[in-house]
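Spelled out, the chains give:
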Amino acid sequence: MIQISNVSKRYSIHQVLKQCNMTIEKGKIVGLIGENGCGKTTLLKVLAGILRPNHGRIDGIHENDRSRFISYSPDNSYFYPYFTIEALMDFYQDVYEDFDRDRAESLLHFFELEKKQKIRHLSKGQAGRVKILITIARRAPLLMLDEPLAGLDPMVKQKIIKSLIQFIDLEQQTLLMTTHELMEVEPLLDDVVVMKHGTIIEQSSVESIRENDMVSLQQWLENTY
Amino acid sequence: MPLHFQSDKPIYLQIVDTMIHEIVRGRRFPGDKLPSVREYAVEVGVNPNTMQRVYRELDARQITKTKRGQGTFVTDDEETIQQLREQLKQRYIDSFLTDMTGLGFTIEEIISSIDKEKGGTSDDSNQ
């Protein structure tokens, strides 16, 4: 279990995270949702160890080097454009002990990607799939995906969702993802965490929303916000 | 094929219902082996934790039986399956009657329409 307690982050005078509290249970798929600019990406960066919070603490990550514990896919592109997909996989295999080459090869096949293709020549949909491949091929305890479905067509979205179900080992791994595609991810999520104006306003299990409030995730979010 | 879910009911219960339908319709036979939790989760497009809950629920209602190390099987108890059929029938009739009486039809009107409907189809088949 990962516990985030009273985490705050300020950029000069801008308070981007205010007293954030949340719990990520092991083996769950957790969705971090909320309007643009509410602090989702900043919270992921704080978790990933890329940003240092001004206040608060994070418990449950038992590594000094967070990148050993967390496999993180930011929402921007970050691969060398002159790499082929194969070179990219080799690179990750060299850098991360937990990179599972077999899983990566299966994902390559599942996503119908060509090893020899260069990153710079990939379409948006292909680039999106490569990011997922590289991130979830690692056997890291925590996987974090920032907007994995943004701007992709419905077929690619479904393919990515299927890959998350098929290839992530929830006995050993936990997934935290940000998204706006509530309809698509609803069957995928165990828990949902809602952010607004830099803080966490709600955390709930998705099935209990359906059971108790009898509404869809989208409707519930509108009621909560 | 991914299922479409209603938004006002837990997904795991909707999958349990789908499974019951498949058994009653004879798409799954008594003693049939079900896919593994993960396989079925991928097929339906839901979280494996949700599917785990489906299998627990099916076992708890004795619709399936999970044998350690072998997998999960549809019950071969005829009585249980007959019960499922009856329950399903009752549920559809209840919901039909609620809708129809809600629209203002009397039970007599409904029955006479069903008789006519039945008569109509058998007349057609006789010709």
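Rules used throughout
- Residues numbered from 1 in each chain as written.
- Chains lettered and ligands numbered in written order.
- Predicted model: local features only at pLDDT ≥ 70, side-chain atom pairs only at ≥ 80, totals over all residues.
- Heavy atoms only, no water.
- Helix = DSSP H or I, 4+ residues; strand = E, 2+ residues; numbered from the N terminus.
- Rg over C-alpha atoms; globule rule 2.2 N^0.38 Å.
- Buried < 20%, exposed > 50% of the residue type's maximum accessible area, 1.4 Å probe, protein only.
- Contact = heavy atoms within 4.5 Å.
- Areas by Shrake-Rupley, 256 points an atom, 1.4 Å probe, with all protein chains shown as cover.
- Lys, Arg positive; Asp, Glu negative; His and termini not counted.
- Charge placed at Lys NZ, Arg CZ, Asp CG, Glu CD.
- Buried area = accessible area lost by both parts, 1.4 Å probe.
- Salt bridge = Lys/Arg side-chain N within 4 Å of Asp/Glu carboxyl O.
- Polar contact = N/O pair within 3.5 Å; in protein donor to acceptor, adjacent residues only side chain to side chain.
- Nonpolar A, V, L, I, M, F, W, Y, C, P; charged D, E, K, R; others polar.
- UniProt positions renumbered as here; feature names shortened; annotations may be inferred.
- Patch = residues over 30% accessible without salt bridge, like charges linked within 9 Å, V, L, I, M, F, W, Y side chains within 5 Å.
- Domains from an automatic or database assignment.
- Core = buried A, V, L, I, M, F, W, Y, C linked by side-chain atoms within 4.5 Å.

## Topic: the overall build of chain B
Tallying secondary structure elements over chain B gives five helices and two strands in all. The linear arrangement of helices and strands in chain B, starting from the amino end, is α-α-α-β-β-α-α. The C-alpha atoms of chain B give 19 Å as radius of gyration, which overshoots the globular expectation for 127 residues (14 Å, by more than 25%). Each principal axis of the C-alpha atoms in chain B carries an extent, and together these give about 55 × 35 × 25 Å. For chain B, buried positions account for 31% of its 127 residues. A fraction of 51% describes how many contacts in chain B between residues 6 or more apart in sequence connect residues 24 or more apart. Counting only carbon and sulfur atoms, one obtains 50% of the accessible surface of chain B, whose full area is about 8300 Å². When the 17 basic and 21 acidic side-chain charges of chain B are each reduced to a single mean position, those positions are 10 Å apart.

## Quick notes on the interface of chain B and chain A
In many analyses, interface size is given as the accessible surface area lost on bringing the parts together. Taken together, the 20 residues of chain B in the interface contact 21 residues of chain A. Surface buried jointly by chain B and chain A totals about 1700 Å² across both partners, of which 50% is contributed by carbon and sulfur atoms. The largest per-residue losses of area from chain B upon contact with chain A belong to Arg38, Val42 and Asn47 of chain B, which jointly make up 30% of the total buried on that side. On inspection of chain B and its partner chain A, the count reaches zero salt bridges. Applying the counting criterion to the chain B and chain A interface returns twelve residue pairs in polar contact (both at pLDDT 80 or more). Contributing elements (two or more residues each) for the side of chain B that touches chain A: α1 (11-24), α2 (37-44) and α3 (48-60) of chain B. Residues that form the side of chain B that touches chain A fall into these classes: eight nonpolar, seven polar and five charged.

## So, the UniProt feature "domain: ABC transporter" (unreviewed entry) in chain A
The positions that UniProt labels "domain: ABC transporter" (unreviewed entry) are, in the present scheme, residues 2-222 of chain A. Note that residues 2-222 of chain A is 36% helix and 26% strand, and that its end C-alpha atoms are spaced 27 Å apart.

## Side note on a nonpolar patch on the surface
Taken together, the side chains of Tyr80, Tyr82, Phe91 and Val95 of chain A make up a nonpolar region of the molecular surface, amounting to roughly 400 Å² of accessible area. For tyrosine 80 of chain A, a relative accessible area of 43% puts it in the partly exposed group.

## Details of the domain arrangement of chain B
Residues and elements named next belong to chain B. We note that the domain assignment places domain 1 (11-76) and domain 2 (79-126) within chain B. Domain 1 and domain 2 are separated by 29 Å when their C-alpha centres are compared. Opposite the nine residues of domain 1 that make contact, domain 2 presents seven residues. Carbon and sulfur atoms supply 77% of the area that domain 1 and domain 2 bury against each other, a total of about 750 Å² over both sides. Interface area lost by domain 1 to domain 2 is led by His21, Val24 and Thr75, which between them contribute 51%. Applying the counting rule to domain 1 against domain 2 returns one salt bridge. In this structure, aspartate 17 and arginine 91 form a salt bridge, with 3.6 Å as the shortest nitrogen-oxygen distance.

## Observations concerning the nonpolar core
Core analysis: the largest hydrophobic core is formed by 73 residues, its most contacted members being Val130, Leu133, Ile134 and Leu164 of chain A together with Met51 of chain B. Counting residues per element, this core draws most heavily on α1 of chain B, at eight residues. Apart from the residues within four sequence positions on either side, valine 130 of chain A is in contact with Phe79, Ile85, Leu88, Leu113, Ile119 and Leu122 of chain A. By size, the runner-up hydrophobic cluster in this structure holds 27 residues, among which are Leu44, Ala48, Leu51 and Ile61 of chain A.

## Section: the pattern of salt bridges
Residue and element names in this part refer to chain A. Tallied over the entire structure, the rule returns 19 salt bridges over all chains. A salt bridge links arginine 138 to aspartate 98, with the shortest nitrogen-to-oxygen separation between them at 2.7 Å. Residue arginine 138 is located in the loop between α5 (124-136) and β6 (142-146), and its partner aspartate 98 is located in the loop between α3 (85-95) and α4 (101-110); the two are separated by 40 residues in the primary sequence. Comparing arginine 138 with aspartate 98 shows no difference in burial state: the two are buried. Taking the shortest distance from any N to any O, the salt bridge between glutamate 186 and arginine 210 comes out at 3.2 Å. Highlighted residues: glutamate 186 in the loop between α7 (182-185) and β8 (191-196) and arginine 210 in helix α8 (residues 206-213), separated in sequence by 24 residues.

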